[in-house]
Each structure stands twice: as C-alpha cells, then as structure tokens.
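Letter by letter, the chains look like this.
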Amino acid sequence: MNFQFVLRGCAALALFTLGFFGPAQAAPANMTITGDAAPPIGHYEFCKENPRECAFAGGDAGPIILTQDSWKTILKINYTVNTTIKSMTDMELYGVEEKWAIPTTAGDCEDFALLKRKELIDAGFSPSDLLMTVVLQPNGDGHAVLTVRTDRGDFVLDNMRDKVKLWSETEYTFLKRQSVEHPARWVKIQDGRAVAVGSLK
C-alpha cells in the first residue's frame, strides 16, 4: 500500500487532563463482528515467515482495563513508532506490491501497525487486545491500522496521525481484523456507520 506519512504533533498525555475518563462517548465504542474472514494475503505470508507472531496465545483474555498508565503506554508507543519509522512502500523496500514485516527503519501502514503490536505485547498487553485491522480510506484506498481493544472501546493506532481515537471517531470504513481468539485468524466487521462494501471480503 502506498500512503503518505503525516505527522500532526504529539497530543501525548494531554488527553488525560482533557477528560479522557469523563462521560461516555455517544458513538459506538466497540466494533460489531459478524463472522469469519479470510486473512489478507500479506498477513498469511507474514505468519508463515514469523510463526511466533501468529501462534495461539491463550485465546480471548478479555478487553484490557484502561488505566492512566496503560493509556500513556499506548500513546507513547504510537507516537514513537510514527516518528522513528520512515514511511516507504513495499515496492520501494522489497520490490514487491505487498509484504508485511516488522520494520526496523522503514515500512508502510501494516508494518507500522505490526511494530506497535509487538511493542505493546512487550509492554505487557495481551495479543488478544492488539488486532491488525483492514479499513478503507474515504478515497477508497486500502489501509491498515492497529486496533487496541479496551473496556472503554476499540481504539485505533494509525501511522497517518498521532492522535489515538475510538474506531467510530475515524473517517475509515472498517472491513476486517484479527480474531481475539487466535492471531492467525480474521473476522468481518460490520461498520454500521457506512454503507457496506459488498464487493470486498
């Protein structure tokens, strides 16, 4: 995928002082899952090359309880990865149209998300709460983000912005994501905010 990397400044810990733990959001906080989905080919190949990243990790541990410390960790890792990894296409990096990999210096959208997932797991988050997710941008282009599942909703970590938002507050149409039961499996998302895209599976 070819996406321009955009930095919008670090909102960082200010979200807490602005009332993150205030009144509940009016928009739906959690995604609705409607059934199984085929994994993206890039993720399927990534799992073959990196079996430990896709191994069964105990199933659904339940949404993480979001605390000030866990929120700070989410914001820090999202911002650090966004500002240290250079945005480059798979064609530029590997000479192929699609390759998912954990980046060290450069990558595209799914690579940013894979690195954030790895760093959050290293920080103590459950893999069942860190879900690679495929979306459509308003212009119809495909994109990948990381969903963090919490008791306060599903939050999106995106390489194109530093602010961490609830999924329902983004401009994307959500198509599918990793299963909470097994990181090698994927499920369909019913995005009730937009007309379903029937041609995409």
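Cut-offs and rules
Residues numbered from 1 in each chain as written. Predicted model: local features only at pLDDT ≥ 70, side-chain atom pairs only at ≥ 80, totals over all residues. Heavy atoms only, no water. Helix = DSSP H or I, 4+ residues; strand = E, 2+ residues; numbered from the N terminus. Buried < 20%, exposed > 50% of the residue type's maximum accessible area, 1.4 Å probe, protein only. Contact = heavy atoms within 4.5 Å. Areas by Shrake-Rupley, 256 points an atom, 1.4 Å probe, with all protein chains shown as cover. Phe/Tyr/Trp six-rings, centres within 6.5 Å; stacked < 30°, edge-to-face > 60°. Lys NZ or Arg CZ within 6 Å of the ring centre and 35° of its normal. Pairing = 2+ DSSP bridges. Axes fitted to C-alpha atoms, helices over the stretch in contact; angles between N-to-C directions. Expected span 1.5 Å × (residues − 1). Arc of directions from axis to C-beta. 1 Å grid on protein atoms, 1.4 Å probe; cavity = no way out; pocket = protein on both sides within 12 Å on 5 of 7 lines; lining within 4 Å. Points joined across faces, edges and corners; volume = space filled by probe spheres on them. Nonpolar A, V, L, I, M, F, W, Y, C, P; charged D, E, K, R; others polar. Salt bridge = Lys/Arg side-chain N within 4 Å of Asp/Glu carboxyl O.

1. What to know about the overall build of the chain
Scanning the chain from N- to C-terminus turns up five helices and nine strands. Counting from the amino terminus, helix and strand elements in the chain follow one another as α-β-α-α-β-α-β-α-β-β-β-β-β-β. Classification of the 201 residues of the chain by burial places 45% in the buried group. Looking at the chain alone, contacts between residues at least 24 apart form 65% of all its contacts between residues at least 6 apart. Total accessible area on the chain stands at roughly 9900 Å², and carbon and sulfur atoms take up 53% of it.

2. Some details on the packing of aromatic side chains
For the coordinates displayed, the defined rule picks out three aromatic pairs. Seen from their ring centres, tryptophan 100 and tryptophan 186 are 6.3 Å apart, and the 70° between their planes marks the pair as edge-to-face. With tryptophan 100 in the loop between α4 (90–94) and β3 (106–107) and tryptophan 186 in strand β9 (residues 186–190), this residue pair connects regions lying 86 residues apart in the sequence. A relative accessible area of 2% places tryptophan 186 in the buried class. Note that lysine 99 overlies the ring of tyrosine 94, its terminal NZ or CZ placed 5.7 Å from the centroid.

3. A few points about the sheet that holds strand β7 (residues 165–166)
Within the open sheet, the seven strands sit side by side as β1-β9-β8-β4-β5-β6-β7. Their pairing is antiparallel. Single-partner strands in this sheet number two, and they are β1 (32–37) and β7. Of the pairings in the sheet, the one linking strand β8 (residues 173–178) to β9 comprises three bridges and is antiparallel in character. When the sheet's bridge partners are listed, lysine 176 is paired in β9 with lysine 188. Across the sheet, helix α5 (residues 109–122) lies against β4 (130–136), β5 (142–150), β6 (153–157) and β8, angled at about 20° from β5, the strand it touches most.

4. Considerations on the pairing of β9
Here five bridges tie β1 to β9, and the two strands are oriented antiparallel to one another. Bridging across to β9, threonine 32 finds its partner in glutamine 190.

5. So, helix α3 (residues 68–84)
The terminal C-alpha atoms of α3, which comprises 17 residues, lie 24 Å apart, in line with the 24 Å expected from a rise of 1.5 Å per residue. Turning to α3, its buried residues are Ser70, Trp71, Ile74, Leu75, Ile77, Asn78, Val81 and Asn82. Seen end-on, α3 carries its buried residues on one side only, within an arc spanning 165°. Within α3, the exposed residues directed more than 90 degrees away from the buried face are Asp69, Lys76 and Thr84.

6. Quick look at empty space enclosed by the protein
Considering all chains together, one arrives at three cavities of 30 Å³ or more under this definition. If you add up the space inside the largest cavity, you get close to 70 Å³. Around the largest cavity, the lining is made up of 13 residues, and of these Ala57, Pro127, Ser128, Val180 and Pro183 lie nearest the centre. Here the lining of the largest cavity is composed, by residue class, of six nonpolar, six polar and one charged.

7. Structural notes on the environment of threonine 105
Mapped onto the elements of the fold, threonine 105 is located in the loop between α4 and β3. Residue threonine 105 is classed as exposed on the basis of its relative accessible area of 55%. A C-alpha to C-alpha distance of 5.1 Å links threonine 105 and isoleucine 85, two positions 20 residues apart in sequence.

8. Overview of α5
The end-to-end C-alpha separation of α5 is 20 Å, in line with the 20 Å expected for 14 residues at 1.5 Å each. Of all 14 residues making up α5, ten are buried, and the element is well covered by its neighbours. Among the residues of α5, those classed as buried are Cys109, Glu110, Asp111, Phe112, Ala113, Leu114, Leu115, Lys116, Arg117 and Leu120. Following α5 by one or two positions, glycine 124 adopts a phi angle in the positive range, close to 110°.

9. Looking at the pattern of salt bridges
Counting across every chain of the model gives eight salt bridges. Residue aspartate 122 is joined to lysine 118 by a salt bridge in which the shortest nitrogen-to-oxygen separation is 3.3 Å. Within this pair, aspartate 122 and its partner lysine 118 are both found in helix α5, separated by four residues, close to a single helical turn. Where aspartate 158 meets arginine 161, a salt bridge forms, and the shortest distance between an N and an O atom there is 2.6 Å. Accessibility classification places aspartate 158 together with arginine 161 in one group, the buried group.

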